[in-house]
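For reference, the chains in residue letters:
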Amino acid sequence: MKLLCILLLGLGSASAALTWTDLGDLFSRLWSFTPENAQVDGAAAGTPNLLQLAKDLKLYKCVEKLTEVGINRVINHEGWFTLFCPTDEAFAHEKFFPGQDSLTDKMRIHVARGLYNSSAFENEVVFRSLLSKRMIRMNVYSTEKTSLVTANGQPVVSANHRARNGYIHIVSGVMSSIYDRGGSVISEIEDCCPQHSEVVALMKHAGLYKKLDTEHPITFLAPTNGAFASLHPDFVIHLKNNMRLLKEVLNAHVIPGTWYTAGLFNGDKLRTWAGNYLVVTREQDGSIKFSDAVTGWANINANNGVTHVVESVVIPNHVQVEVKQLLRRLHYQN
């Protein structure tokens, strides 16, 4: 407070030389100043800034993209910033998602506002990114043999590279899936992908849409329209007429927690809202199966979790006999 008073008194004589931007920057720095930050800053004395450190780490594409969209001018100021920088190889094999997301938005979501080393990486913690209303979600996946940390689904392969004004953590993939402000696991699918119109309509009919839109964190397995049609062309019609069965089938496609494919291992058993367990199989090509449901387009980010497209409908064990009897009647009628 004493420091603030001295500075305010000094502003009286210097105000003519200060712009509103200067004043904003000054108060921003005062607001973020704490003794803890001062100690950390002292520990980083003599280290390069984030962009120079990224160059030193040979993250050339990351630096190039940040510079191309002007983010370099933002993160070269006093921080704090935490940069999740993809490798050059990650950019060479970037996966693209439907939508009109700009390179600027894609790079903004790789920068967190604040100073976070790996000690802050707890499962499901989120950091505010430079992209308005969009977060960087951290997940920690552990087994008896291994442990993996992801940032928006991208594995963190090297952490805690200290810069003068923040940290760099290296990730092996690009965060290319950008959700709309407040976009949920169900609304993102509804907005982008007409091939999922059946499951969206069924969720609304069953009164589950709002729950999927607001519950968090969750993983949604979104069947395609073709997945329903492959059972029988009239299956959806009969499912709508049996609300209990409809809810059981739909709830079998929702898993509590955010399960990106990078964090799934052979033999993992995931319990769904319907109470059934899905067994994970990782194929040699890297694709994932949830029991018999094969993923297509995977790792679609959302504000409240992640969505994976599946090519078949998940039928929980406790209603499989009932569903088989329904399908038998439908095939017999035809």
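Read on for a plain summary of the structure. Keep in mind that what you see is a predicted model, and the values were worked out from it rather than measured. (Residues numbered from 1 in each chain as written. Predicted model: local features only at pLDDT ≥ 70, side-chain atom pairs only at ≥ 80, totals over all residues. Heavy atoms only, no water.)

## Examining the pairing of strand β15 (residues 305–310)
Consecutive side chains of a regular strand alternate in pointing toward one face of the sheet and then the other.
Thinking step 1. Most of β15 sits out of view: six of its six residues are buried.
Thinking step 2. Of the strand pairs in this sheet, strand β8 (residues 218–223) and β15 are connected by six bridges, and their pairing is parallel. Within β15, the position partnered with T219 by the bridge is V306.
Thinking step 3. Bridge analysis of strand β14 (residues 300–302) against β15 gives three bridges, and the strand direction is antiparallel. The residue bridging A302 from the neighbouring strand is G305, located in β15.
Thinking step 4. Where β14 folds back onto β15 in an antiparallel hairpin, the turn is made up of two residues. (Buried < 20%, exposed > 50% of the residue type's maximum accessible area, 1.4 Å probe, protein only. Helix = DSSP H or I, 4+ residues; strand = E, 2+ residues; numbered from the N terminus. Pairing = 2+ DSSP bridges.)

## Some remarks on unusual backbone geometry
Thinking step 1. For the bond running from H216 to P217, omega is -10°, close enough to zero to count as cis.
Thinking step 2. A positive phi angle is found at N160, which is not glycine, with a value near 65°.
Thinking step 3. Turning to its location among the elements, N160 is positioned in strand β6 (residues 154–163).
Thinking step 4. Look at N160 and you get partly exposed, because its relative accessible area is 34%.
Thinking step 5. Even without being a glycine, N299 presents a positive backbone phi close to 60°.
Thinking step 6. Its location among the elements puts N299 in the loop between β13 (293–294) and β14.

## Section: the environment of I300
Thinking step 1. Within the secondary structure, I300 is located in strand β14.
Thinking step 2. Accessibility expressed as a relative area gives 6% for I300, which makes it buried.
Thinking step 3. I300 sits 81 residues away from T219 along the chain, and the two C-alpha atoms are 9.8 Å apart.
Thinking step 4. Every residue in contact with I300, bar those within four places of it in the chain, is listed here: F97, S177, I189, G305, V306, T307 and V309. (Contact = heavy atoms within 4.5 Å.)

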